[in-house]
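# An overview of the molecular structure
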Amino acid sequence: MQRENHPAGPGRCQVDGSPQAAVGDWVWLNVADLQLLIDALRHDGRRVVGPQVADAAVVYRDLERAADLPRGWIDEQDGGHYRLRRDEAAGVFDHVVGPHSLKNFLFPARETIGRFLREDGTWRQLDDLPPEPPLAVIGVRACDLAGLAIQDRVFLGGESVDPGYRRRRESLFLVAVNCRRAAATCFCHSTGCGPAVSAGFDLALTERDGRFACEVGSERGAAVLATVSAATSLLACSHDEVSAARGQPAALEQAMHARQEEAGQPKPRSLNTEGIRDLLFDNLEHPRWEEVASRCLSCTNCTLVCPTCFCSSVGEVADLSGDAVERERHWASCFTLDHARMHGTSVRSSTASRYRQWLTHKLAGWIDQFGTSGCTGCGRCITWCPVGIDITEEVAAIRDTAGQKESPA
Amino acid sequence: MSTMSTESAMSTESTEKPQQAKPKLAVYKFASCDGCQLQLLDACGKLMQLADRVEIAHFLEASSRVEPGPYDLGLVEGSISTAEDIERIHAIRKECRFLVTIGACATSGGIQALRNWGQIDDFLSAVYASPETISSLEKSTPIADHVPVDFELRGCPIDPGQLLELITSVVLGRRPKLPSQSVCVECKSRGTVCVAVARGVPCLGPVTQAGCGAICPAHDRECFGCYGPAEAVNLVSLTSFYEQQGAPRDKLTRLVRGINGYAQAFREESNRLEATADGGAKGRP
Ligand code: SF4
Ligand code: SF4
Ligand code: SF4
Ligand code: SF4
């Protein structure tokens, strides 16, 4: 999925910001230029969000100062386990994905989607939902972009378009980052979603020896870089430098394929996706569902951290007079009894049936529904499951013993 | 509150509820710290707006004026701790159409139910100068162990918003919209980083019912289960994982045997942890 563009020749966009970097060009940004980038994005009225160390993890937060980026932090991830570690040699983006994803911003946990007022016995819808500034997110990874593309199909594809999502999505500015390392929980190399960033960004950064090779992915990206280059001269990347920058995530991808289990280290994850739809749908009575249910807490964490899960429930909240009503949407999960409640009873009353719903929807039903798997291989559901249940391990267990059936009780 | 008392003084005393009469609310206290009633008082600002729809007929913490029963909704705070409590709760059940327990004490026996794992006489002589003047039952037990309960409002203390939702639903004759899923839902919804995963702190959130808004994890500490067990719990899996990650067994036992330690799911788990810790069962209530 490499771009066909030819990189700019050396020096092309260095003098007084002219001529400007265009889509497909690559320029060098120094660490100090990241502040100029943030300033340029904010200058245009955007809310800028970026990775920062807070509450013992790298999370997405509002970002004003480039100095708040998690330079020198590495995350160790395993099933039910996340620890930050200081590493002075680490760059600005050598952590990988944390508990937050783009979903937290584009499909927020809680959203007021309508306000209604009763006056003289008639209901009227108010259209004064609070305006939101356009959003820029710095530091998104290849799997995040893949997750976004999947949510785009859910919220924007087909006949019903989600207006709030569309509003936020259309103005979204993305500064992507090519990963230099992968956590043990990452398996984007299996799903084809990473680690190389290939499309769907405005700017993409590849960290090299303390500076960033920046690829321009869109006109908006070029415009923001033009603002940056008004404050400092930007050096274009040479042809060899672009090749080397492109080689970096490619090398990581190869390394991920070659990863082996090592004693004392978390097991590196991978997922065999071959025929996965039929594999799961053909094994709906497999004993593994009961086995995983003996460990699963039905706590919902996997679905809520998953960048593609889209379930929500909508309810009306009235004030005590009953004359002012707000319609609210909030995240829902197939791990709750309410998710499958019909006529006062839940049709997925066992944890086994709820875990099966998650796995078969994510990896099989999604393909029928949206023409793509619902899994990007980001590993969040593995890390943030409080008991470390591992989607790759569950699929492998079913694959290894496919065809088994639960003996009727 | 004075407005409400005045209003209730004007209300009818007829025992058969006339069609348009406002539902009568009664609040009772048993062994408890009064924290849940304080939450009710806290909600009273909003409750005032309900005053034309509910009559607060019996709420000693707010007013000494008592309207005679029967009542439409009885809110019970506190656990059953004395012989008189048992008689009183039976009488209360008879005079309330809907009986709702509020808080951990009424719903699961409360923190005072920790005594259920010890000998009452040991506590009495350790705490009181003249233990012979104390007449207390051996165990602190939830209301539902004695009379049928229509609904449980969880929390230590209860959440005023949930209380208001409950009262509104009784007034409107609909089911209360209250969560039954885990605290993790609220934790993730507010974007809090999981303390169990990122700090290795054993947290009861995955097995505890939502309602508090995940306050504790948002302040970097574990959930200690004050809303009691969630709709579906798998405590054995959770504590086994925490233990595998290095949490000491006695710490886990104390975590599960906390404010709602006598709630069935939590009680069974702390007993199991204790019984399998050193191969021998200890005092098991
Ligand atoms: S299923 Fe798990 S690994 Fe796949 S996208 Fe969701 S959180 Fe990431
Ligand atoms: S896996 Fe569950 S929570 Fe996620 S989208 Fe499917 S049904 Fe919804
Ligand atoms: S798989 Fe893990 S995170 Fe998901 S519901 Fe079960 S215990 Fe919770
Ligand atoms: S901190 Fe506790 S409540 Fe929050 S997600 Fe983790 S386990 Fe659940």
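Note that the coordinates shown come from a computational prediction; the quantities given were computed from them, not determined experimentally.

### Here we look at the overall build of chain A
- Check the secondary structure of chain A and you find 13 helices and 16 strands.
- Compactness check: chain A gives a C-alpha radius of gyration of 23 Å against a globular reference of 22 Å for 409 residues, within 12% of the reference.
- C-alpha extents for chain A along the principal axes are approximately 75 × 70 × 40 Å.
- Within the span of chain A, comprising 409 residues, buried residues form 52% of the whole.
- At a minimum sequence separation of 6, the contacts of chain A that also span at least 24 residues come to 71%.
- Charged side chains of chain A number 44 positive and 55 negative; the gap between the two group centres comes to 1 Å.

### Examining the environment of Glu406 of chain A
Residue and element names in this part refer to chain A.
- With respect to the helices and strands, the residue Glu406 is situated in the segment after α13 (391-400).
- In this structure the C-alpha to C-alpha distance between Glu406 and Pro287, which are 119 residues apart in sequence, comes to 4.8 Å.
- Glu406 has contacts with Glu285, His286, Pro287 and Glu290, leaving out every residue within four places of it along the chain.

### A look at the nonpolar core
Residues and elements named next belong to chain A.
- Membership of the largest hydrophobic core comes to 63 residues, with the highest contact counts inside it found for Tyr355, Trp358, Leu359, Leu363 and Trp384.
- Of all the elements, helix α11 (residues 351-370) adds the most residues to this core, at six residues.
- If we skip the residues at most four places from it in the chain, Tyr355 touches Trp289, Val292, Cys296, Phe335, Ile389, Ile391 and Glu394.

### A word on the site of ligand 2
- Around ligand 2, the neighbouring residues are Thr303, Cys309, Phe310, Cys311, Ser333, Cys334, His339, Gln357, Trp358, His361 and Trp366 of chain A.
- Here the residues of the shell around ligand 2 sort into six nonpolar, five polar and no charged.

### Details of the packing of helix α11 (residues 235-244) of chain B against helix α13 (residues 264-277) of chain B
Residues and elements named next belong to chain B.
- For the pair α11 and α13, interaxial distance at closest approach is 10 Å and the crossing angle is 45 degrees. On the basis of their axis angle, the class for α11 and α13 is oblique. Here α11 and α13 pass one another in a crossing that is right-handed. Contacts from Leu235, Val236, Thr239 and Ser240 of α11 reach α13 at Ala265, Phe266, Glu269, Arg272 and Leu273.
- The residue inventory of the contact of α11 with α13, partitioned by class, reads five nonpolar, two polar and two charged.

### Considerations on the sheet that holds strand β13 (residues 312-318) of chain A
Residues and elements named next belong to chain A.
- In spatial order, the strands read β7-β6-β14-β13; together these four strands make up an open sheet with antiparallel pairing. Each end of this open sheet is capped by a strand with a single partner; those strands are β7 (122-126) and β13. Strand-to-strand twist across the sheet, computed as the mean angle between neighbouring axes with direction ignored, equals 25 degrees.

### Some points on the domain arrangement of chain A
All names here are of chain A.
- Taken domain by domain, chain A holds domain 1 (26-258) and domain 2 (276-400).
- Here the C-alpha centroids of domain 1 and domain 2 sit 25 Å apart.
- Each partner contributes to the interface: domain 1 provides 44 residues, whereas domain 2 provides 41 residues.
- Taken together, both faces of the contact between domain 1 and domain 2 bury some 3500 Å²; the carbon and sulfur share is 58%.
- The interface formed by domain 1 and domain 2 contains five salt bridges.
- Where Asp162 meets Arg329, a salt bridge forms, and the shortest distance between an N and an O atom there is 2.7 Å.
- The tally of links between domain 1 and domain 2 comes to 29 residue pairs in polar contact (both at pLDDT 80 or more).
- Of all the secondary structure elements, the ones that give two or more residues to the side of domain 1 that touches domain 2 are β4 (73-78), β5 (81-86), α2 (103-106), β6 (110-119), α3 (142-156) and α5 (188-191).

### What about the site of ligand 1?
Residues and elements named next belong to chain A.
- As a structural note, the neighbourhood of ligand 1 is formed by 13 residues, with Cys306, Cys375, Cys378, Gly379 and Cys381 the closest of them.
- For the shell around ligand 1, the secondary structure elements donating two or more residues are α11 and α12 (380-383).
- Partitioning the shell around ligand 1 into residue classes produces eight nonpolar, three polar and two charged.

### Looking at the domain arrangement of chain B
Residue and element names in this part refer to chain B.
- Once the domains are mapped, chain B shows domain 1 (24-172) and domain 2 (183-278).
- With centres defined by C-alpha atoms, the gap from domain 1 to domain 2 works out at 25 Å.
- Taken together, the 19 residues of domain 1 in the interface contact 17 residues of domain 2.
- Carbon and sulfur atoms supply 57% of the area that domain 1 and domain 2 bury against each other, a total of about 1300 Å² over both sides.
- Broken down residue by residue, the surface that domain 1 buries against domain 2 is led by Ser108, Trp117 and Arg154, which jointly contribute 47%.
- The interface formed by domain 1 and domain 2 includes six residue pairs in polar contact (both at pLDDT 80 or more).

### Description of the interface of chain A and chain B
- Facing the 38 residues of chain A at the interface are 28 residues of chain B.
- Counting across the interface, chain A meets chain B through zero salt bridges.
- The interface formed by chain A and chain B holds ten residue pairs in polar contact (both at pLDDT 80 or more) in total.
- When contributions to the side of chain A that touches chain B are tallied by element, the ones reaching two or more residues are β3 (57-62), β5 and α10 (301-305) of chain A.

### Some details on helix α6 (residues 219-231) of chain A
All names here are of chain A.
- Helix length check: α6, at 13 residues, gives a terminal C-alpha distance of 19 Å against a target of 18 Å (1.5 Å per residue), a fit within 8%.
- The set of residues buried in α6 consists of Gly221, Ala222, Val224, Leu225, Val228 and Ser229. Take α6 and look down its axis: the buried residues cluster within an arc of 165 degrees, on one side only. Of the residues in α6, the exposed ones pointing more than 90 degrees away from the buried face are Glu219 and Ala230.
- At its buried positions, α6 is contacted by β1 (26-30), α1 (31-43), β9 (173-177), β10 (203-208) and β11 (211-216).

### Observations concerning the pairing of β9 of chain A
Residue and element names in this part refer to chain A.
- Counting buried positions along β9 gives five out of five residues, so the element sits mostly inside the fold.
- Side chains of β9 alternate between two faces, with Phe173, Val175 and Val177 and Leu174 and Ala176 buried alike.
- Here strand β8 (residues 135-140) pairs with β9 via four bridges, running parallel. If you follow Val137 over to β9, its bridge partner there is Leu174.
- Pairing geometry for β9 and β10, over three bridges, is parallel. Residue Val177 lies in a different strand from β10, and its bridge partner there is Leu205.

Conventions adopted
- Here the residue numbering is sequential within each chain, running from 1 through the sequence in written order.
- Starting at A for chains and at 1 for ligands, labels are handed out in the order in which the entities are written.
- Residues qualify for local features only when their pLDDT is at least 70, as the model is predicted, and side-chain atom pairs are given and counted only at 80 or more; totals for whole chains, interfaces and linings, by contrast, use all residues.
- Note that water and hydrogens are dropped before the side-chain values are worked out from all heavy atoms of the structure.
- Runs of H or I in DSSP of at least four residues are treated as helices and runs of E of at least two as strands, each being numbered from the N terminus.
- Radius of gyration: C-alpha atoms only; globule rule: 2.2 Å multiplied by the number of residues to the exponent 0.38.
- A 1.4 Å probe rolled over the protein chains alone gives each residue an accessible area, and that area as a share of the maximum for its type sets the label: buried under 20%, exposed over 50%, partly exposed in between.
- Note on contacts: a residue pair is in contact if any heavy atoms of the two residues lie within 4.5 Å.
- In summary, the charge assignment counts Lys and Arg as positive and Asp and Glu as negative, without counting His or the chain termini.
- All charge positions are set by atom: Lys at NZ, Arg at CZ, Asp at CG, Glu at CD.
- What makes a nonpolar core is a set of buried Ala, Val, Leu, Ile, Met, Phe, Trp, Tyr and Cys residues whose side-chain atoms join them at distances within 4.5 Å.
- Throughout, near means a residue has at least one heavy atom within 4 Å of the molecule or strand.
- Only Asp, Glu, Lys and Arg are considered charged, only Ala, Val, Leu, Ile, Met, Phe, Trp, Tyr, Cys and Pro nonpolar, and every remaining residue, Gly among them, polar.
- Between N-to-C directions, angles span 0 to 180 degrees; the directions come from axes that are lines fitted to C-alpha atoms, helices contributing only their stretch in contact.
- In what follows, roughly perpendicular refers to angles from 65 to 115 degrees, roughly parallel to angles under 35, roughly antiparallel to angles over 145, and oblique to any angle outside these ranges.
- Helix crossings fall into two classes, left-handed where the near helix is turned counterclockwise from the far one by less than a right angle and right-handed where it is turned clockwise.
- Each pair of strands is called paired provided DSSP finds at least two bridges between the two strands.
- Domain borders in the structure are assigned automatically or taken from a domain database.
- By buried area we mean how much accessible surface two parts lose on assembly, using a 1.4 Å probe and totalling the loss over both.
- Think of a salt bridge as a Lys or Arg side-chain nitrogen and an Asp or Glu carboxyl oxygen that are within 4 Å of each other.
- Counted as a polar contact is a pair of N or O atoms within 3.5 Å, where, for protein atoms, one must be capable of donating a hydrogen and the other of accepting one, and residues adjacent in sequence contribute only when both atoms are in side chains.
- By this rule, a helix spans an expected 1.5 Å times one less than how many residues it contains.
- Along the arc lie the directions from the helix axis toward the C-beta atoms.

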